[in-house]
Amino acid sequence: MPHAVAICPSILSADFANLANECAQVTTGGADMLHVDVMDGRFVPNLTIGAPVVGSLAKVTSLPLDCHLMVHEPDHLLGDFAKAGAKRLSVHIEACRHLHRTVQRVRSLGMSPGVAVNPHTSFSMVEPILREVDFVLVMSVNPGFGGQSFIGSVLDKVRAIDDWRRDHRPNLRIQIDGGITVDTIGEARQAGVDWFVAGSAIFGKKDRAAAIAALRLAAG
Ligand code: DX5
Ligand code: ZN
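Now for a description of the structure that goes with this document. If you're wondering where the values come from, they're calculated on a predicted model, not measured in any experiment.

**Structural notes on the coordination of the zinc ion (ligand 2)**
Within the protein, His 35 (NE2), Asp 37 (OD), His 68 (ND1) and Asp 177 (OD) serve as the donor atoms for the zinc ion (ligand 2), at 2.0 to 2.3 Å. Seen from the zinc ion (ligand 2), its six donor atoms lie at angles of 69 to 168°, and the figure they make is octahedral. On the primary sequence, the residues serving as donors to the zinc ion (ligand 2) are separated as H-x1-D-x30-H-x108-D. Residue Asp 37 is found in strand E2 (residues 34-39), and its partner Asp 177 is found in strand E7 (residues 173-177); the two are separated by 140 residues along the sequence.

Okay, here's the thing in structure tokens:
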């Protein structure tokens, strides 16, 4: 029995000057969590937002805040995100020197830990950490920007993780991030994805509720 589909709008594509209202629209529109892309200008060639914005969002939303840290060696920031109200927090396998320790720290701070994996990082690299995390975020674009095209070859990795969890950890959730639209979500669901991040496919549309419903329908 597959896990339920969750739709996670990425606020990266929202209007930052109007964030509370943008979040309210996806909340009433049926989103399951809010995906917050934190970029440091070093691990990825772009700079976005940090824990203070998460703290402000936590005051105005009832949705769980799912923070995706595209940050080189993020350990020094974890406490701030926990205090700000992050519910889930993923760190990149490529950005952490002592990944196991970092993941343990995320959990000990009361957040649900995830590991994020770039398109070029193989299943065998990620397998040793799968017992320690609650979810894996499989990047289906190279991280850094919204609105890029879906890299379909990452679905082989999704299938490998899905096979692995059947035998070892059925509760592990698989999240996908990048290029998710009504045209790509179906094949990702088929491959084993549970949680779908979507930025431009939701915030790029006028009617956010309709965009979320269309994604859910196309997920099957
Ligand atoms: C990219 C971010 C994504 C981004 C996805 O580095 O991690 O969360 O917002 O945007 P779309 O859905 O437009 O590809
Ligand atoms: Zn993301």
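**Regarding the sheet that holds strand E1 (residues 6-9)**
The strands making up a sheet are joined through hydrogen bonds of the backbone, oriented either antiparallel or parallel. If you trace the eight strands from one edge of the open sheet to the other, you get E1-E8-E7-E6-E5-E4-E3-E2, paired in parallel fashion. The sheet is open, and its two borders are formed by E1 and E2, each paired with just one other strand. Strand-to-strand twist in this sheet, taken as the mean axis angle between neighbours without regard to direction, amounts to 25°. Bridge count for E2 against strand E3 (residues 65-70) is six bridges, and the pairing is parallel. Along E3, the bridge assignment pairs Leu 34 with Leu 65. Docked against the sheet, helix H6 (residues 155-168) engages strand E5 (112-117), strand E6 (135-139) and E7, running at close to 170° with respect to E7.

**A look at the side chain of Asp 162**
Note on placement: Asp 162 falls in helix H6. Judged by relative accessible area, Asp 162 falls into the buried class, the value being 13%. With sequence-adjacent residues up to four places away left out, Asp 162 is seen in contact with Ile 174, Ala 191 and Gly 192.

**Section: helix H2 (residues 51-60)**
Of all the positions in H2, only Ala 51, Val 54, Gly 55 and Leu 57 are classed as buried. Each buried residue of H2 lies within a common arc of 165° when the element is viewed along its axis, so the set occupies one face. Turned more than 90 degrees from where H2 packs its buried face, Pro 52, Lys 59 and Val 60 sit exposed. Elements in contact with the buried residues of H2: helix H1 (19-28), E2, E3 and helix H3 (78-84).

Cut-offs applied
Residues numbered from 1 in each chain as written. Chains lettered and ligands numbered in written order. Predicted model: local features only at pLDDT ≥ 70, side-chain atom pairs only at ≥ 80, totals over all residues. Heavy atoms only, no water. Donors = N, O, S within 2.8 Å, 3.2 Å for Na, K, Ca; no water. Tetrahedral: all angles 85-135°; square planar, octahedral: opposite > 155°, others 65-115°. Helix = DSSP H or I, 4+ residues; strand = E, 2+ residues; numbered from the N terminus. Pairing = 2+ DSSP bridges. Axes fitted to C-alpha atoms, helices over the stretch in contact; angles between N-to-C directions. Contact = heavy atoms within 4.5 Å. Buried < 20%, exposed > 50% of the residue type's maximum accessible area, 1.4 Å probe, protein only. Arc of directions from axis to C-beta.

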